[in-house]
There are 2 protein chains.
Amino acid sequence: MFHCDVDTGIDMTSPSRMKNAADRRQHQSWPQRCRRSNMLILVGVALCTLVSVCDATDTDIALDAKATLNHRIQSLDLLVFVFLLALTVLTIWLFKHHRVSWLHETGLAVIYGLIVGAIIRYAGTSATLVHMQVEPQGVPTYSDKVPPDTLWFNYPVNQTNGTKVPEGIKTYAYVFRGQVHDVDENEIDLKATFDPEVFFNIILPPIIFYAGYSLKKKYFFRNLGAILTFAIVGTTLSAFLVGGFMYGCVKLMPKYLSSSFSFLDTLYFGALISPTDPLTILAIFNDLRVDVNLYALVLGESVLNDAVAIVLSGAIQNYGEHYSNTGEFETTAFLRSLSDFFSIFILSLMIGAAMGCLTALMTKFTRVRDFPLLESALFVLMSYSTFLLAEATQLTGVVAVLFCGICQAHYTYNNLSEDSRQRTKQIFELLNFLAENFIFSYIGVSMFTFPKHHFDAGFIITAFICAAIGRAVNVYPLSWLLNIKRKPKISANFQHMLFFAGLRGAMSFALAIRNTVSDARQTMLTATSLIVIFTVVIQGGAANFLLNWLKIPVGVDDETEQLNNYQVHSSDGYLQDVESGAGGHGKMRLSGGTESNMDTPADGPNGSLGGPSGGRRRNSHEKAILARIWGNFDTKYMKPMLTHSRPTLLETLPVCCNPIARLLTTTQQLTQDGSEFRRVDSDSDICIDNDTGNGLSQDVGPGTGPGVGRRNSLSRMEILEHVQSPVSTRIRLLGFYGKKL
Amino acid sequence: MFHCDVDTGIDMTSPSRMKNAADRRQHQSWPQRCRRSNMLILVGVALCTLVSVCDATDTDIALDAKATLNHRIQSLDLLVFVFLLALTVLTIWLFKHHRVSWLHETGLAVIYGLIVGAIIRYAGTSATLVHMQVEPQGVPTYSDKVPPDTLWFNYPVNQTNGTKVPEGIKTYAYVFRGQVHDVDENEIDLKATFDPEVFFNIILPPIIFYAGYSLKKKYFFRNLGAILTFAIVGTTLSAFLVGGFMYGCVKLMPKYLSSSFSFLDTLYFGALISPTDPLTILAIFNDLRVDVNLYALVLGESVLNDAVAIVLSGAIQNYGEHYSNTGEFETTAFLRSLSDFFSIFILSLMIGAAMGCLTALMTKFTRVRDFPLLESALFVLMSYSTFLLAEATQLTGVVAVLFCGICQAHYTYNNLSEDSRQRTKQIFELLNFLAENFIFSYIGVSMFTFPKHHFDAGFIITAFICAAIGRAVNVYPLSWLLNIKRKPKISANFQHMLFFAGLRGAMSFALAIRNTVSDARQTMLTATSLIVIFTVVIQGGAANFLLNWLKIPVGVDDETEQLNNYQVHSSDGYLQDVESGAGGHGKMRLSGGTESNMDTPADGPNGSLGGPSGGRRRNSHEKAILARIWGNFDTKYMKPMLTHSRPTLLETLPVCCNPIARLLTTTQQLTQDGSEFRRVDSDSDICIDNDTGNGLSQDVGPGTGPGVGRRNSLSRMEILEHVQSPVSTRIRLLGFYGKKL
């Protein structure tokens, strides 16, 4: 029964900004918010006047007002970010419109974030939390090893009718939050800060999924060796080197700093600062149409090293907290961490891949594609459940989602209806865009508002230097190693560009902000934030000029590859070459580029002659053996099972497995016509190329003759790189299309 | 410094399921999760064995394990829902595939939810929260009116090496949660329950926005009078009647129940049970292609009455908690609540509309449409910020978002690029689908898992009866009233269908679950859940048969209107009529249907002769005066200002305002050609009709002659309904197109 006429008992002397105010509001009513809007906006401190016989006490009303205020502040905080993003969007448009190249969207988001953060910091009033030290009522019985989940606290509810005589006692519940490490920490105002776990559970998954979903698989697989080397070996190497350097440097610093850092701390810093962010640099590469292999290297590396870094940092923390007695090196502890690293990485990978394949099976064997909305919903739900499944089984959701994305693009995408392809691509593109810009805005804002920054100039400078060294160690020695075997060598200029493309971004920041308990961690967060801001704004802005300066070919058609170093060194001549050949043959590659998917077992590894620029026998060493085996397996078993592609399992499986093969082969697969065939065929460039799959038929013709203009370089590359017999396949394919047309 | 070799000190005797475990994990490390996965899965109780010199105590490790477990449980809970949704999607597809009509998707989601809820309830183990009563340390000084935000609690950290001697004290922070109303309530297990505010802040906004965005505006505005009457008058009437009936009935019930209900409680119940849910019924209407006016009535009413109900329930609660002394009727308190109701509704409406218009201006005056991704992002951000802005100013975000959606569809949509139109439509369609199915799944699951259900058969039966009476009171008397003035009368069969279409859904449930403090509220929640489940499953399933039984014409083309009662009564003959006329003239309506938007001031209200089926002078009473004024204003000022439509403001504003008019008129507007013109023209059916705007030019020709077949009925309707002179406009338009073609 609600009856009360106490009017405006709002006490705003200690408005708190707790995250779970929404929880509290369950117990409180909604409409008060509406009534007091103006009051609350105008004043923080309110008057308490009218009193009468009343169930709802002053305390109730004050609590209610507080909850209301909390909800408003939360809404406002979010609103600030949403407006910031809208502003960023408009400015990006303006920049694109006026072709401004010295500042890119992520840099813009960071700068706006910094400005807004400064405003929030210096304009708003500071709000502190009120806390009270309590002890158990009566004789304490600490029967449990852990502190209780909730505390019940009797608080005297006083009707403030001037006399402050408590008229009753109410019991309030308090929920466990965590250990108090620093008595002062809760006093700092908590403006516009989000729970760091938001980044791992909400912001990163769509970004990482989209990275996997839009990975340009052909070039990715073609450079798989280099990418894996850079991502796994390089990132680990960089992490350990940065960790070691930092440890050495920190120990030379003043006592208060050096004592707070253990080697594991600096190693953790090494792991979190090693992953590179593809965002800004790839936006530039995309705008400028930079060489596709460079693009693939940078993208592939930065996508995978995010996954490596998150697992690596986890393993390092595990080592410190569970395996090692002393924090020093111990062989068993090290090996256990190592096995953690690999098992978590591989299990996460497998969960991701399995869920991707499951989605592919679902979309293959149902006709859900007749209802694109249902299909898209299924796709989104399955992808999200991958993340949850990995988290629920205590693996790394982000890694699982990455490989799920790759599988979805590789298999499921082929089964989707045209509408769903568009829709899923567009949805994840938008989500990715929003999430990325949000995280970069937040990096900017949090520089001013996050309460746990710890500035230390010495550490920051050292961190900058070490980050650069770590990147150099990643790129140059590994490139040299790779160049021993690799035929299209990674030229020096490409190496410089790879070094320079090592921007730090979302993953580094997310890992740094995840744990800010100790002084060391807070110092690391500050250094990481600054490194991210610097690299994104300055390096991102300068990338354009550097590309020019390093004479890295830009304006290159997607179809053309330029990793070929003799061409890079004569890029001027090459560009002429490109321009002279910019005819209508661009699409022909399709029949060549994806042929590894179309290989029938009969073709085998014996490449035969023919094709665009005259046949040149390929050297089988030029494709990684692993990639080759996988490609073969994929074409023979995975694709036929998971998509409507041909050859069917009936052709590839041994005869004894025919019943199973029949079960896994759809009628569509057996009866598909040329158009279906082409559709499946075009998957290697999905998600980035919108225009593949059409125009194929027109352009096939010229490809059979000797290549002209830029086709030359492409064909040369393809012939150099592919070991399987695409040429004979191509001829077969052309014959196939020829019949259809 | 992390060094510790205590192995597996996991104590699972009291695993809690707190919502903000993620918060806690900020202070805890991530990787332990990875290590202990199997342990945690297999056992809940763990062994504590190895001890050594160690900073990290058993308590730390146990806490950490608990946080990890919480995170896993959260992930699992979400995973259950995501899988449930995926299952629903697959089953929906199966049903659609096999044309099952007796169960619809929302019903399916509810049923699956019930099954899963039962499994969770009876299969899982029960986990309870441990709580401890505390009191302030030392002499309490209750200086503040509100209890403190956080409690700091010293807990002895015991190294459980068998002796349980505390080796230290750690301080833990506890965050305020809310009042403890019921000592037992926290003991109930909290399986798979979400914070009710999630519904208002995450689930409802996209549903309501999409309802606004996809509102079929032409039919909506044509039936505006009826819709507003049903939505505002009807819902309020129904709320008060249900409230009154329920109060009477409850007072006849056993003492324990009747004493817990005040009149305001039952009134609140009336307000929350009155809004109808469009979802299931409209899905059926859509599948069957039911008459568009019936569709518009049901959709329009259910969209608006959600908004009315949320504001109304807020006002009722305000009345109870702040304005009234006694809980009985008081004139001043009533008037204040009334003013609350209107001011909140209107202010929310205005914020929503203003943000929609702002987006329209942004998209009109920038060329952001050159970059569809940016444009879509801007659209989404602006729409979301509407919700946040309304919440931050203590208005109702849901209402604001509804009107924002209407404005976005009415104005902004016209300025968007084709890509963005598709994308925004598809994104919100998907979000809406997922949110709706989630909420219905949750209704099912929560029947078993939500801890605050209170079953009372008497109340539930009464509630069912009252809900039906409330709906009847809404439909029949108001239809009778409307039919006095309304020319295309709402026939008896249509009224029965309207009555039957009163399914309860998301909004009722969300309002009921928002406040479950008292016994009365818990009883209401249970009754509401059951009403929602019953109406969605049973009424939704039977709708198909009833449509048949009531002889309501189905299979009607979108273009044809059937509210005309003489035609309804001879629907067989009518259907022949439709079939015979199902030629290629369907699109002609466009030039007639949207003409009110195209009226120039010169046309005025004097309808002239001519047009498809011979001119019949319209009766100006047949269109609501308000709608007419608004239509005129919209065409003359709003559309030219906010979109690229013509006439431009230069033509419509007085001469003295020319400078402003010039500023607000784009070059595109002045120089646009026919295709642009058509594009703008086609907005009246956006979002639902995908095919408007094309085919217009071909079909205009026949329309100028006497109408044939189904065109007859349409033209008749149009001439009856429209008061502005569309005929002359149409002729002008046709001339315009004629020139262009």
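As a convention, each chain's residues are numbered from 1 in the sequence order in which they are written. A letter from A marks each chain and a number from 1 marks each ligand, given out in the order of writing. In keeping with the model being predicted, local features are shown solely for residues with a pLDDT of at least 70 and side-chain atom pairs are shown and tallied solely at 80 or more, while totals for entire chains, interfaces and linings include all residues. In computing side-chain properties, one takes all heavy atoms of the structure into account and sets aside hydrogens as well as water.

K.L.:
Give me the lowdown on the nonpolar core, citing residues and values where you can.
P.N.:
With 305 residues, the main nonpolar core has Met497(A) and Met497(B) as its most contacted residues. Apart from the residues within four sequence positions on either side, Met497(B) is in contact with Ile281(B), Phe285(B), Leu294(B), Ala543(B), Leu546(B), Leu547(B), Leu550(B) and Ile552(B). Core analysis: the second largest hydrophobic core is formed by 22 residues, Phe153(A), Tyr172(A), Leu151(B) and Phe176(B) among them. By convention a nonpolar core is built from buried Ala, Val, Leu, Ile, Met, Phe, Trp, Tyr and Cys residues, the set being connected through side-chain atoms within 4.5 Å. Exposure classes here rest on a 1.4 Å probe applied to the protein chains alone. A residue is buried below 20% of its type maximum, exposed above 50%, and partly exposed in between. The contact criterion used is simple: two residues touch if any of their non-hydrogen atoms lie within 4.5 Å.

K.L.:
Outline the state of the cysteines, supporting the account with residue identities and numerical values.
P.N.:
Two cysteines form a disulfide when their sulfur atoms are joined by a covalent bond. In plain terms, two cysteine sulfur atoms within 2.5 Å form what is called a disulfide here. Evaluated as defined, the whole model comprises 0 disulfides over all chains. Cys656(A) provides the cysteine sulfur closest to Cys657(A), a residue in no disulfide bond, and the two sulfurs are 3.7 Å apart. Of all cysteine sulfurs, the one in Cys407(B) lies closest to Cys357(B), which takes part in no disulfide; the gap is 4.6 Å.

K.L.:
Describe the packing of aromatic side chains, and please don't skip the residues or the numbers.
P.N.:
Residues and elements named next belong to chain A. Note on aromatic contacts: the rings of Phe and Tyr and the six-membered ring of Trp form a pair at centre separations within 6.5 Å, being stacked when their planes are under 30 degrees apart, edge-to-face when over 60 apart, and tilted otherwise. Within this structure, the stated rule accounts for 48 aromatic pairs over all chains. Arranged with centres 6.3 Å apart and planes meeting at 75°, the rings of Phe 209 and Phe 379 form a pair that is edge-to-face. Pair noted here: Phe 209 is in helix α6 (residues 197–213) and Phe 379 is in helix α14 (residues 372–392), with a separation of 170 residues, a long-range link. You can call Phe 379 buried: its relative accessible area is 1%. Grouping aromatic residues by their ring pairs yields a cluster made of Phe 81, Phe 199, Phe 438, Tyr 442 and Phe 509. Each helix is a run of DSSP H or I of at least 4 residues and each strand a run of E of at least 2, with the numbering of both proceeding from the N terminus.

K.L.:
Let's hear about the packing of helix α16 (residues 418–449) of chain B against helix α20 (residues 519–549) of chain B: which residues, and what values?
P.N.:
Residues and elements named next belong to chain B. Close contact between α16 and α20 brings their axes to 10 Å; oriented N to C, the two are set at 125°. With respect to each other, α16 and α20 are oriented oblique. Considering how the two elements wind past one another, α16 and α20 form a crossing that is left-handed. Contacts from Phe 440, Ile 443 and Met 447 in α16 reach Ser 529, Leu 530, Val 532, Ile 533 and Val 536 in α20. For the contact of α16 with α20, the class distribution of residues is 7 nonpolar, 1 polar and no charged. Fitted lines through C-alpha atoms serve as axes, helices being fitted only where they are in contact, and the angles separating the N-to-C directions of these axes extend from 0 to 180 degrees. Roughly parallel means an angle under 35 degrees; roughly antiparallel means over 145; roughly perpendicular covers 65 to 115; every other angle is labelled oblique. Note on convention: the crossing is left-handed when the near helix lies turned anticlockwise from the far helix by less than a right angle, right-handed when the turn is clockwise. Gly falls in the polar group here, along with every residue not listed as nonpolar (Ala, Val, Leu, Ile, Met, Phe, Trp, Tyr, Cys, Pro) or charged (Asp, Glu, Lys, Arg).

K.L.:
Lay out the domain arrangement of chain A with the relevant residues and their values.
P.N.:
All names here are of chain A. Each domain's extent is set by a domain assignment, obtained either automatically or from a database. Per the domain assignment, the segments of chain A are domain 1 (196–561) and domain 2 (623–670). Contacts between the two partners involve 13 residues from domain 1, matched on the other side by 16 residues from domain 2. When domain 1 packs against domain 2, the two sides together hide about 1,200 Å² of surface, and 62% of this comes from carbon and sulfur. Once two parts are joined, some of their accessible surface, as seen by a 1.4 Å probe, is lost; buried area is that loss totalled over both. On the domain 1 side of the contact with domain 2, Lys 364, Phe 365 and Tyr 411 bury the most area, a combined 47% of that side's loss. Between Lys or Arg on one side and Asp or Glu on the other, a salt bridge is scored when a side-chain nitrogen of the former is within 4 Å of a carboxyl oxygen of the latter. Our enumeration of links across domain 1 and domain 2 arrives at 0 salt bridges. Polar contacts, as counted here, are pairs of nitrogen or oxygen atoms within 3.5 Å of one another; within protein the pair requires one atom able to donate a hydrogen and one able to accept it, and residues that are adjacent in sequence qualify only if both atoms are side-chain atoms. At the junction of domain 1 with domain 2, the criterion picks out 7 residue pairs in polar contact (both at pLDDT 80 or more). Only α13 (331–365) and α15 (397–415) provide two or more residues apiece to the side of domain 1 that touches domain 2.

K.L.:
Which residues make up the pattern of salt bridges, and what values do they have?
P.N.:
For side chains of opposite charge, pairing can occur when their charged atoms come near one another. Following the criterion strictly, the structure yields 10 salt bridges over all chains and no others. Its salt-bridge partner being Arg423(A), residue Glu429(B) comes within 3.2 Å of it at the nearest N-O pair. Taken together, the residues Glu429(B) in helix α16 and Arg423(A) in helix α16 (residues 418–449) connect one chain to another. Classification of Glu429(B) as partly exposed rests on a relative accessible area of 24%. Classification of Arg423(A) by relative accessible area gives buried; the value is 3%. The partner of Arg423(B) in a salt bridge is Asp419(B), and the shortest N-O contact between them spans 3.5 Å. Pair noted here: Arg423(B) and Asp419(B) are both in helix α16, with a separation of 4 residues, about one helical turn. Each member of the salt-bridge network shares a partner with another, and the members are Asp419(A), Arg423(A) and Glu429(B).

K.L.:
Let's hear about the confidence of the model for chain A: which residues, and what values?
P.N.:
Residues and elements named next belong to chain A. Per-residue confidence for chain A gives a mean pLDDT of 70, with 66% of residues at or over 70. Known as pLDDT, the predictor's per-residue confidence is scaled from 0 to 100. α14 holds the highest mean pLDDT among the elements of chain A, 93, whereas helix α3 (residues 37–42) holds the lowest, 32. Scored below 50 in pLDDT, residues 1–56 shows 187 contacts in the model against residues more than four places distant or in partner chains. Our summary of model confidence lists the complex with pTM equal to 0.76 and ipTM equal to 0.75.

K.L.:
Could you give me a rundown of a nonpolar patch on the surface, with the residues and numbers involved?
P.N.:
Residues and elements named next belong to chain A. For patches, a residue must show more than 30% relative accessible area and have no salt bridge; joins then use 9 Å for like charges and 5 Å for nonpolar side chains, namely Val, Leu, Ile, Met, Phe, Trp and Tyr. Areas reported as accessible are Shrake-Rupley estimates using a 1.4 Å probe. Residue values count occlusion only from the protein chains shown. On the surface, Leu 237, Leu 241, Phe 245, Ile 461, Ile 465 and Ile 469 cluster together into a nonpolar patch covering about 480 Å² of accessible area. When contributions to the nonpolar patch are tallied by element, the ones reaching two or more residues are α8 (224–251) and α17 (457–485). Turning to its location among the elements, Leu 237 is positioned in helix α8.

K.L.:
So what about α14(A)? Which residues, and what values?
P.N.:
Three or four residues apart is the spacing at which side chains of an α-helix point the same way, because the helix has 3.6 residues per turn. Residues and elements named next belong to chain A. Spanning 21 residues, α14 covers 30 Å between terminal C-alpha atoms, matching the ideal 30 Å at 1.5 Å per step. α14 sits mainly inside the fold: 18 of its 21 residues count as buried. Once α14 finishes, Gln 394 follows within two positions and takes phi at roughly 65°, a positive value. In this scheme, a helix's expected span is set at 1.5 Å multiplied by one less than its residue total.

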